[in-house]
Amino acid sequence: MDAALAGRIYLDNAATSWPKPAAVYEAVDRYQRNCGAAHGRGATRQAGEVRRLIDRCRERAARLLGAPSADSIVFGFNGTDALNMALHGVLRPGDHVVTTVLEHNSVLRPLAELRERMGIAVTHVPVDASGVLDLDALRRALEGPTALVVVTHASNVTGAIQPIGEIAALARERGVVCLVDAAQSAGHLPIDVQQLGVDLLACSGHKGLLGPLGTGLLYVRPEIADRVRSFRQGGTGSRSESDRQPDALPDKFESGNHNAPGLVGLEAALAWIEDQGGVPRLRAHEQQLTTALLTGLSELAGARVYGPPEPAQRTGVVSLTIDGFDPQELAAILDENFGIETRAGLHCAPGAHAALGTLETGGTLRMSVGAFTTAEHVAAAVSAVREIVSA
Ligand SMILES: Cc1ncc(COP(=O)(O)O)c(C=O)c1O
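Our subject in this report is the structure included herewith. Since we're looking at a predicted model, the values are computed, not measured.

**What about the sheet that holds strand 6 (residues 177-181)?**
At step 1: With respect to topology, 7 strands assemble into an open sheet ordered 2-8-7-6-5-3-4, the strand pairing being mixed. The strands lining the two open edges of the sheet, one partner per strand, are strand 2 (73-76) and strand 4 (121-125). When strand polarity is set aside, the average angle formed by the axes of neighbouring strands in this sheet is 20 degrees.
At step 2: Relative to strand 8 (residues 216-220), strand 7 (residues 200-204) runs antiparallel, the two sharing 5 bridges. Along strand 8, the bridge assignment pairs Leu 201 with Tyr 219.
At step 3: Against the sheet, helix 2 (residues 45-65) touches strand 2, strand 7 and strand 8, its axis set at about 115 degrees to strand 2.

**Some points on the layout of surface pockets**
At step 1: Its boundaries defined by the atoms lining it, the largest pocket holds a volume of some 250 Å³.
At step 2: Among the residues forming the lining of the largest pocket, the class breakdown is 7 nonpolar, 10 polar and 5 charged.

**Quick notes on the side chain of Lys 20**
At step 1: Positionally, Lys 20 belongs in the loop between strand 1 (9-10) and helix 1 (22-35).
At step 2: Buried within the structure, Lys 20 lacks any salt-bridge partner; its nearest side chain of opposite charge belongs to Asp 12, at an N-O separation of 11 Å.
At step 3: A polar contact of 2.9 Å, which involves the side chain of Lys 20, links it to the backbone oxygen of His 206.
At step 4: With sequence-adjacent residues up to four places away left out, Lys 20 is seen in contact with Tyr 25, His 206, Leu 210, Gly 211, Pro 212 and Phe 372.

**Digging into empty space enclosed by the protein**
At step 1: Applying the stated criterion across every chain, the model contains 3 cavities of 30 Å³ or more.
At step 2: The space that makes up the largest cavity amounts to roughly 60 Å³.
At step 3: Taken together, Phe 75, Gly 76, Phe 77, Arg 232, Phe 253, Glu 254, Ser 255, Gly 256, Asn 257 and His 258 make up the lining of the largest cavity.
At step 4: In the lining of the largest cavity, the residues fall into 3 nonpolar, 5 polar and 2 charged.
At step 5: Roughly 40 Å³ of internal volume is contained in the second largest cavity.
At step 6: Taken together, Ala 14, Gln 184, His 188, Glu 286, Thr 315, Gly 316, Val 317, Ser 368 and Val 369 make up the lining of the second largest cavity.
At step 7: Residue classes in the lining of the second largest cavity are distributed as 3 nonpolar, 5 polar and 1 charged.

**Concerning the sheet that holds strand 9 (residues 303-305)**
At step 1: Strand order in the open sheet formed by 4 strands is 9-10-13-12, and the pairing between neighbours is antiparallel. Among the strands making up the open sheet, the edge pair consists of strand 9 and strand 12 (343-345). Along the sheet, successive strands turn relative to each other by an average axial angle of 30 degrees, direction set aside.
At step 2: Along the sheet, helix 9 (residues 279-298) makes contact with strand 9, strand 10 (317-322) and strand 13 (364-368), crossing strand 10 at roughly 5 degrees.

**Brief notes about the site of the ligand**
At step 1: Surrounding the ligand, one finds 14 residues, the nearest of these being Thr 80, Asp 181, Gln 184, His 206 and Lys 207.
At step 2: Gln 184 is positioned with one of its side-chain polar atoms (N or O) 2.7 Å from an oxygen atom of the ligand.
At step 3: Considered on its own, the ligand offers 390 Å² of accessible surface; in the complex 90% of this is hidden by protein.
At step 4: In this structure the site holding the ligand corresponds to the largest pocket.
At step 5: Residue composition of the shell around the ligand, by class: 2 nonpolar, 10 polar and 2 charged.

**Topic: the environment of Phe 231**
At step 1: Within the secondary structure, Phe 231 sits in the loop between strand 8 and helix 8 (260-275).
At step 2: For the pair Phe 231 and Ala 86, spaced 145 residues apart in sequence, the C-alpha to C-alpha distance is 7.9 Å.

**As for the pattern of salt bridges**
At step 1: A full pass over the atoms with the stated rule returns 15 salt bridges.
At step 2: The partner of Arg 63 in a salt bridge is Glu 274, with the nearest N and O atoms 3.1 Å apart. Of the two residues, Arg 63 sits in helix 2 while Glu 274 sits in helix 8, which places them 211 residues apart along the sequence.
At step 3: Within this structure, Arg 56, Arg 60, Arg 63, Glu 267 and Glu 274 form a network of salt bridges that share partners.

**Examining the nonpolar core**
At step 1: Formed by 58 residues in total, the largest nonpolar core has its most connected members in Ile 73, Leu 138, Val 149, Val 198 and Leu 201.
At step 2: Counting residues in each nonpolar core, the second largest holds 28 residues, with Leu 83, Val 90, Ala 147 and Val 220 among its members.

Reading the values: the criteria
- Residue indices begin from 1 for each chain and proceed along its sequence in written order.
- Per-residue local features of the predicted model are confined to residues with pLDDT of at least 70, and side-chain atom pairs are confined, for both listing and counting, to 80 or more; whole-chain, interface and lining totals are unaffected and use all residues.
- Each side-chain value is derived from all of the structure's non-hydrogen atoms; neither hydrogens nor water enter the calculation.
- The pairing criterion is simple: DSSP has to find at least two bridges between the two strands.
- Counting from the N terminus, the helices are DSSP H or I runs at least four residues long and the strands are E runs at least two residues long.
- Every axis corresponds to a line fitted to the C-alpha atoms, with the helix fit spanning only the stretch in contact, and the corresponding angles, defined between N-to-C directions, vary from 0 to 180 degrees.
- Contact definition: two residues touch when any of their heavy atoms are within 4.5 Å.
- In the cavity and pocket records, a cavity denotes points on a 1 Å grid over the protein atoms alone where a 1.4 Å probe fits but cannot get out, a pocket denotes an open set with protein on both sides within 12 Å along at least 5 of 7 lines, and lining residues are residues with an atom within 4 Å of a point.
- Grid points are joined across faces, edges and corners, and a volume is the space filled by probe spheres set on the points.
- Residues are grouped as follows: Ala, Val, Leu, Ile, Met, Phe, Trp, Tyr, Cys and Pro are nonpolar; Asp, Glu, Lys and Arg are charged; every other residue, Gly included, is polar.
- For each residue, the accessible area found with a 1.4 Å probe, counting protein chains only, is set against the maximum for its type, and the residue is called buried under 20%, exposed over 50%, and partly exposed in between.
- His residues and chain termini do not enter the charge count, which takes Lys and Arg as positive and Asp and Glu as negative.
- Only one rule defines a salt bridge in this text: a Lys or Arg side-chain nitrogen within 4 Å of an Asp or Glu carboxyl oxygen.
- Whenever a nitrogen or oxygen atom comes within 3.5 Å of another N or O atom, the pair is scored as a polar contact, on the condition that within protein one atom can donate a hydrogen and the other can accept it, and that pairs from neighbouring residues in sequence are kept only if both atoms are in side chains.
- Consider each residue's heavy atoms; a residue with any of them within 4 Å of a molecule or strand counts as near.
- Per-residue and other accessible areas were derived by the Shrake-Rupley procedure at a 1.4 Å probe size, with only the shown protein chains allowed to occlude residues.
- For this analysis, a molecule is said to be in a pocket or cavity if more than half of its atoms are within 2 Å of the grid points defining it.
- For the purposes of this section, nonpolar cores are sets of buried Ala, Val, Leu, Ile, Met, Phe, Trp, Tyr and Cys residues that join through side-chain atoms within 4.5 Å.

Below, the structure is given as structure tokens:
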């Protein structure tokens, strides 16, 4: 690692992961310097090279998510973009959508926009005290005609893992499309979209999947692709004689030039994850760190740590408040005095804070571990918070 950055303790992996595997930087640099060709737009050798890399990225992503085919993976520019493709693509005027109070603004805001534009109705299902969706309330919410259920796989505020298999089964029994926001779970938790029985799954490429910023993806179950309209239309490098958007996956949803440098980097990141033994290995590492973080922080005087107490029920996202301290102030001291990067505030999920009771009090201080976080980083963070609160 760059010597200037060696002292940096980065605990904001829920926003975007850092650092990336060295192979990611190398792949982006190599592509930018030596290739630079657009994907799907020509027949030169370099165009062939970028096509091969992006095809391989799609294959790796499909493998990581248990998708039935590479074509069921659609690339977008971040998790928000993938969620917008799904929400705008599925919903029609007057539809009813069931979601949860935990959702990120990347779900809440498209839904609010669609409510204004075309009168969709939205039901927000509550969560229990540890931030896990109430399945009985979900069952009740699904009693009337419903077009879509959209649920986060893991809360970006508390790390609480949601029962996606059960949620998808309830949706399937009722013929309701199930969309999962996997921004906080992809690369952190093993995911098999076919086993889970989900129709659509959106995630960032730059968080747990360890790719560069500007990458995201949407899994579309091939059997429901007809029910999803294209979100943006334009050149795809295929069926160029027609003024209609192609129907075939993934071109239906991929118009305009790809973020080729980003996807080449994502390909290298997914290869690195495979080489490390896959997501289960990363999960084991992150769970160990999360356990240490939870234990260390819970012992501090006046600290309140949110979410399920069991590390098995959560990802590596830990939110806390400390009596008498403003979360923003804590984050600023950690950064300025200790070189520890965290995040404070509402984390774009106001409903989650309303449920935790932290909406009016500045939200929480959030620490989120990642593939490159070490036990020393966690120990330093706990010790720094202890020093601040006991000063
Ligand atoms: C739960 C959740 N959903 C969606 C997103 C949006 O992802 P992106 O930043 O890739 O647009 C985030 C980002 O923090 C998130 O935490």
